[in-house]
Structure formats: structure tokens, C-alpha cells
Amino acid sequence: FINTYEKSTFLVSQRFQSTLVVAEHNNDKLTPIMLSAITAAKKLGGDVSCLVAGTDCATVAQEVSKVLGVKTVLIAQNDAYKGSLTEELTPLILATQKQFNFTHICAGASAFGKVRVSAKLDVAPISDIIEIKSPDTFVRTIYARNALSTVKCNDNVKVFTVRGTSFEPTEVDGGSATSEEVAASASAVMSEWLEATLTKSDCPELTSAKVVVSGGRGLKNGENFKLLYDLADKINAAGKWLLWMLDMMQVGQTGKIVAPELYIAVGISGAIQHLSGMKTIVAINKDPEAPIFQVVD
Amino acid sequence: MSPASVFVCLSLTLLSDYPVIRVKPDHSGVVTDGVKHSMNPFCEIAVEEAVKLKEKKFIKEVVAVSCGPTQVTETIRTALAMGCDRGIHVEVSGKDYEAMGPLQIAKIFAALAKKEEASLVILGKQAIDDDCNQTGQMTAALLDWPQGTFASEVTIDGEKVKVVREIDGGLETIKISMPAVLTADLRLNTPRYATLPNIMKAKKKKIANMKPADLGVDMVSRVEVLRVDEPPTRLAGVKVETVDDLVAKLKANGTI
């Protein structure tokens, strides 16, 4: 017996649920956030396809086909995709959508996000979701993570981006997706990618670091930062990352979203907004009345 | 040939005093009555950049645009006091304003930019209330213009704009043709304070009024907010005296 609600949704959504995950990569590896985006896609139920567009896709396409739960890998290889310019990728995603008629399109929430596609489809995107309640209802944060908003999207195709730290990354193992070539669309010729200067460091990417130690104004000068290094060494955690945080807003409301296992804030008085999502928080501060102490463990 | 006009699109948000954010008891939203509103900080940076470009003689005119209820004119006045030449207020109030999302705003800004033949549209990268980070990109898509988002450096080079963007992991440089849409990131500049003489001058500058219907924009939104909640609260913590104590506690906790 099917209750009325299920019956009506069955009648309304005759088309099978299917999600397109737009892959972010550097022609060598998928970015870590993608594995979380795929987890989110899988949570929706329905088939998961992954679009890999770039100048040299073979390695990444291989990696994606091994990800557990991905059904099809769509490959679009063309020089126009150098630098993953959104003006170039958008027509490709639109053409892919036209061909396969997905019910959902998603990507990781990063500077690479796919909002442009959404406007072209005349659909409001849901950015940076932290939870999926149902195929049309999502939870996201607002006011710099000081409040949670549950939204329902009534559009025919839902476009959303996924906050990497809110979804466990999927295993790159056990998957056996089929691959399909997708025709690259004509170049939009309105923007040119020149170069990227990536901050080199021995430490892994900030957003996936297990331990983050940050220093604020309380440290006052460079010498004191040496103490941070010593502290981090003592803790000796794998995947540690040192971060200069004299610019509070950067990790705060607007910048990188960090959710490490352990977060140590030294000489930082407050800025509550960047603390949610972290498992254990430690604060070191001369001022016992500092607001940050209200939220630490 | 220097571009004719630059549009700076502004957003009015709650003053960034986060500890004060309170969720309404019926979970329909966040309490906004009685809370001070002002220009979104990223929009201030956008205004500053536009005014700087005009001072460097790259552009002729800066127009400050915003959509919302009457309060929004104050935001436009602030932009005028910072150096914009004129303003446009697209009136949206009541139910329409509550349902208004980035897609509707983008449609308005796109329609305006086309109507006024803007060469550049600059916005803040996101609003500090809904944190969507969408309006700029969608405006670019609707206009079919290239976009330079998260801009930390903007240089006009003839008919093109060179944009250094902040991306995860560093910086990226792209060159885009005008007309284009740019969104300002934190490090683009430091906004100036409006001086008293400029505030006085701003009172005389024109702010045009119009409605979304005048631009042919349909304000219907297909996204509804079901509820707003507070984030889960953290339990109170423990104070320790020395670093060795700290390390011992972390080890005991299983954290390291």
C-alpha cells in the first residue's frame, strides 16, 4: 500500500532521479572536496554521473571511475577548458544537461562553483549545503554560520554546491563506472586564463587539514609565531597546518571553511563565526574574559 | 576608448555584529526588527574599487544600484558620498522582498545593466546575511558576460580587464573582455570613509526610482525557506594552565 504522499510524488516525478557532479580537478587529481560532493550526490538516491572537463582528462577520469557509487563518467577534453574558466564550462554543462536531463546538478562549494549554469537554467542555486533532508530540501548556513536555514527548492532541476567538510569523502575504491565522451562545445572566447600562483607549502591543503593552529593579534610579532611552530611540533599530528591569521575575516565568515579535528586559537579573542564544524577547540589567550573561551572545550 | 559607466550593485544587510543574531521563536527567520542595517562590507569594497577606477580616469561614471525597501536609499546615499555619481533604487518591498533571492536580484541588475549600457558591473562577492555568493555570477550569466569573481586585484587594459582572483590554494590571473562582471573580495582594497563635504554633496546627487516590473523582471521565487535554526551549541570547556597539561589532556581525549 502506498500512502497518498508517496503516490503523488510518484506521479509527479516520473523521471528518474539522476545527479550530475561537475568535477573540479587539476588534470592530475580530483580536488578533495569532490569526494564529499559525490557523497552528497549519492545521498539523493538515483544515478550519479560525473563530468570531467579539461585539457587532459584521462588520469582524473580513471580516478573518478573507481569512486564507489559513480555510474558514468562523462569526459570532455578540449584546450578551451584550460584553467577551468566558468564561461567555457557553462555551455558544456548546459549541453550535457540537455542531453541527459538530470534532476540535480552539483559541485563542491569552492571558488570553482557552478552558479553561472544555474542562472542560465533560470533556477536558483542552493549554495554551500551542509545537509540533504530530501531530494528537494537542503540545509545551509547563513549569517556566517550563526544560523541554519532549511530551504525547499521547487525548480525542475536543482543546482547546488556542497560544503566539503559536511560530507564524508567517498572511497576511491570499488567503483566501476562506464565512460562516455561528451562533445566539447564551441569556445565562448570571452575570457582567457593566464596563470595561477598556488601557495607552495609542505602542509596539505588547509580545508582538509586535521589540526589547525592559528595565531591572532595577541601574538603581536613574528617571534612569537615561533612558539606556534614549537607547539605544533610538540603535538606532532600528521597533516598539521600552520596558519597566520592576522586577518580574521579570511578564515572567518568569508574565507576557507576549516573543520579540523583539533583547532588551536592562540591570541585570538573571538570571531565566533569560524568555529562551527570543528571537533575540538583549544584557545590560548592572556585574557581570561575573552569571548572565545565561551565556545572552547 | 574608456568605458562609459560602471554599475556598482549594493546590498543592504544587518550590521556585522554576529553575537546579536537571534533566530525568531517561530523559526521563520532571523530577528531583523530593531537591528541596525548598513551596506554589506563587500559592497563597500566594490564601491571603493569603482570610484578608484574613475579617479584613475579609466571610466567616466559610477552608478550605485540597489534593490529593496526604502531603507536601501540610505545605502545608495553612502555610496554617493564615497564618490558614485548617481544612484538607482529598484523598489522591492513586503512579501516580494522577503521572497527575493539572488536569482531575482541578478535578473534586476542584469536588466538594468543592459538598459543603461554599463561596461562593468561590480558587486561584493557575497552578502553577509545569506552568504550565498551567487548574485555576481548569475548576473554575468544572464547578461552572457564574462566574470571575474573573488577579485583581489583589477587592472583595466584597453578593452580587457585583468583580474587576479583568490582561489582555494592561492591566486589565479585571468583576462576578460568588457563588458564584464566583477565581484570584490576582501583584499581588493580598503574602502574610504566618506568625508563631510562629500556627504553634503551626495545629498544633491540623483537617485532614480523604479520597480522590477519596469524592467520586465518576474520576482517569483521557487525556493522557500522552511525554517531557520540556531547552530548546535558547544558544551562548556575546561581550562588548563600549561602547554604540557594541554598536550596531556588532548592525548587523553584521543584527539592526538
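How each quantity is defined
Residues numbered from 1 in each chain as written. Chains lettered and ligands numbered in written order. Predicted model: local features only at pLDDT ≥ 70, side-chain atom pairs only at ≥ 80, totals over all residues. Heavy atoms only, no water. UniProt positions renumbered as here; feature names shortened; annotations may be inferred. Pairing = 2+ DSSP bridges. Helix = DSSP H or I, 4+ residues; strand = E, 2+ residues; numbered from the N terminus. Axes fitted to C-alpha atoms, helices over the stretch in contact; angles between N-to-C directions. Contact = heavy atoms within 4.5 Å. Patch = residues over 30% accessible without salt bridge, like charges linked within 9 Å, V, L, I, M, F, W, Y side chains within 5 Å. Areas by Shrake-Rupley, 256 points an atom, 1.4 Å probe, with all protein chains shown as cover. Salt bridge = Lys/Arg side-chain N within 4 Å of Asp/Glu carboxyl O. Buried < 20%, exposed > 50% of the residue type's maximum accessible area, 1.4 Å probe, protein only.

Naming follows an unreviewed UniProt entry, where chain B appears as Electron transfer flavoprotein subunit beta of Oncorhynchus tshawytscha. You can read under Sequence similarities (unreviewed entry) in the UniProt record for chain B the words "Belongs to the ETF beta-subunit/FixA family." Under the UniProt heading Subcellular location (unreviewed entry), the note attached to chain B is "Mitochondrion matrix".

Within an unreviewed UniProt entry, the label attached to chain A reads Electron transfer flavoprotein subunit alpha, and the organism entered is Oncorhynchus tshawytscha. The record held by UniProt for chain A lists under Subcellular location (unreviewed entry) the comment "Mitochondrion matrix". UniProt annotates chain A under Sequence similarities (unreviewed entry) with the comment "Belongs to the ETF alpha-subunit/FixB family."

### What to know about the sheet that holds strand S4 (residues 104-108) of chain A
Ordered by their spatial adjacency, ten strands build an open sheet running S9(A)-S3(A)-S2(A)-S1(A)-S4(A)-S8(A)-S5(A)-S6(A)-S7(A)-S12(B), and the pairing between neighbours is mixed. The open sheet has two free edges, formed respectively by strand S9 (178-181) of chain A together with strand S12 (223-229) of chain B, since each of these has just one partner strand. Along the sheet, successive strands turn relative to each other by an average axial angle of 35°, direction set aside. In this structure, strand S1 (residues 18-22) of chain A lies alongside S4(A), joined through three bridges in parallel fashion. Counterpart to Thr19(A) in the pairing with S4(A) is His104(A). Contacting S1, strand S2 (47-54), strand S3 (72-77), S4 and S9 of chain A, helix H4 (residues 86-100) of chain A crosses the sheet at an angle of about 150° to S2(A).

### Describing a nonpolar patch on the surface
A cluster of nonpolar side chains, Leu196(B), Ile199(B) and Met200(B), forms an exposed patch at the surface whose accessible area comes to about 290 Å². For Leu196(B), the location among the structural elements is in helix H6 (residues 196-204).

### Overview of helix H3 (residues 58-65) of chain A
Taken together, the buried positions of H3(A) are occupied by Val60(A), Ala61(A), Glu63(A), Val64(A) and Ser65(A). Of the surrounding elements, those touching the buried residues of H3(A) are S2 and S3 of chain A.

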